[in-house]
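Now for the letters of each chain:
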Amino acid sequence: MRNRAMALVVLAFLPAAFLSAAECASAQEAALPAPDVTFVISSGFWEQPGDGTSVPAERGYYKLIALRQPDGTAHIHLQQIAQTPQGPRVLTSAELEEFSELKAFVTDIRPESSSGVTTQPGLFATIYLKTDPTASEAESWTVLIDDLGDIRVERATN
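Please read all numbers here as calculations on a predicted model, not as lab measurements.

Undergrad: Residues and numbers for the overall build of the chain, please.
TA: Secondary structure assignment for the chain yields two helices and eight strands. Walking the chain from its N terminus toward its C terminus, one meets helices and strands in the order α-β-β-β-β-α-β-β-β-β. Looking at the 158 residues of the chain, the share that counts as buried comes to 28%. Considering only contacts within the chain whose residues lie at least 6 apart along the sequence, 37% involve residues at least 24 apart. For the chain, the computed accessible surface area is about 10800 Å², with 55% contributed by carbon and sulfur atoms.

Set out below in structure tokens:
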């Protein structure tokens, strides 16, 4: 009888435990990228010197994001992220129209280096894509941001 009473007590707490776990999972999922995000890289860096008085120096990195569209193609977004004492903050976010116009199927995005160490400001990343989903080989395109912040998107030349 004692075991049965304990089982009833345990069962009485189970719905609350499952609800808490479900709520925790839901909160964690809210912080994760949406299901249409297929690739994300953070790479490179940028710096904006301050004036030494009222304008503080800023520093951050770039992020490239591939978003799958309903037809399976992808749109590529470029973000400039500032590193602040409160955590990362998106400064700018723009769709790279060159890729949207291609109606491409993105198969991969790679930074110049996976070591995370970059000595020069800017970004260099390669985006692998297919304009025909049945093609056997992907095309490679580069996204380059120089030390002045100028952006170039072009087909890679090997």
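Undergrad: Describe the packing of aromatic side chains, and please don't skip the residues or the numbers.
TA: If you walk through the whole model with that rule in mind, you get one aromatic pair. Ring geometry for Phe 99 against Trp 141: centres 6.0 Å apart, planes inclined by 70 degrees, an arrangement best described as edge-to-face. One end of the pair, Phe 99, is in helix α2 (residues 97-102); the other, Trp 141, is in strand β7 (residues 139-145), and 42 residues separate them in sequence. Since its relative accessible area comes to 14%, Trp 141 is described here as buried. One cation-aromatic arrangement involves Arg 59 over Phe 45; the distance from NZ or CZ to the ring centre is 4.4 Å.

Undergrad: Talk me through the sheet that holds strand β8 (residues 151-155); I want residue IDs and the actual numbers.
TA: The strands that make up a sheet pair up through hydrogen bonds in the backbone, lying either parallel or antiparallel. Across the sheet, four strands lie side by side as β5-β6-β7-β8; this open sheet has antiparallel pairing. A single partner strand is all that each edge strand has here, and the edge strands are β5 (105-111) and β8. Strand-to-strand, the axes of this sheet are offset by a mean angle of 20 degrees, without reference to chain direction. Judged from the six bridges that link them, β5 and strand β6 (residues 123-130) form a sheet pairing that is antiparallel. Its bridge partner lying in β6, Arg 110 is registered against Thr 126.

Undergrad: Before we move on, can you summarise the pairing of strand β2 (residues 58-68) with the specific residues and values?
TA: Sheet topology note: the strand β1 (residues 37-48)/β2 ladder contains nine bridges and is antiparallel. Its bridge partner being in β2, Ser 42 is matched across the sheet by Lys 63.

Undergrad: Let's hear about the environment of Ala 74: which residues, and what values?
TA: Within the fold, Ala 74 resides in strand β3 (residues 74-84). Looking at Ala 74, the relative accessible area reads 5%, which means it is buried. Between the alpha carbons of Ala 74 and Val 106 there is a distance of 6.1 Å; along the sequence they are 32 residues apart. In contact with Ala 74, not counting residues within four places along its chain, are Leu 67, Arg 68, Gln 69, Phe 99, Ala 104 and Val 106.

Undergrad: Describe the nonpolar core, with residues and values.
TA: Counting 22 residues, the largest nonpolar core has Leu 64, Ile 76, Phe 99 and Ile 127 as the members making the most contacts within it. Not counting residues up to four positions away in its chain, the partners in contact with Leu 64 are Phe 39, Val 40, Ile 41, Ile 76, His 77, Leu 78, Leu 96, Ile 109, Leu 123, Ala 125, Ile 127 and Val 143.

Rules of the game
Residues numbered from 1 in each chain as written. Predicted model: local features only at pLDDT ≥ 70, side-chain atom pairs only at ≥ 80, totals over all residues. Heavy atoms only, no water. Helix = DSSP H or I, 4+ residues; strand = E, 2+ residues; numbered from the N terminus. Buried < 20%, exposed > 50% of the residue type's maximum accessible area, 1.4 Å probe, protein only. Contact = heavy atoms within 4.5 Å. Areas by Shrake-Rupley, 256 points an atom, 1.4 Å probe, with all protein chains shown as cover. Phe/Tyr/Trp six-rings, centres within 6.5 Å; stacked < 30°, edge-to-face > 60°. Lys NZ or Arg CZ within 6 Å of the ring centre and 35° of its normal. Pairing = 2+ DSSP bridges. Axes fitted to C-alpha atoms, helices over the stretch in contact; angles between N-to-C directions. Core = buried A, V, L, I, M, F, W, Y, C linked by side-chain atoms within 4.5 Å.

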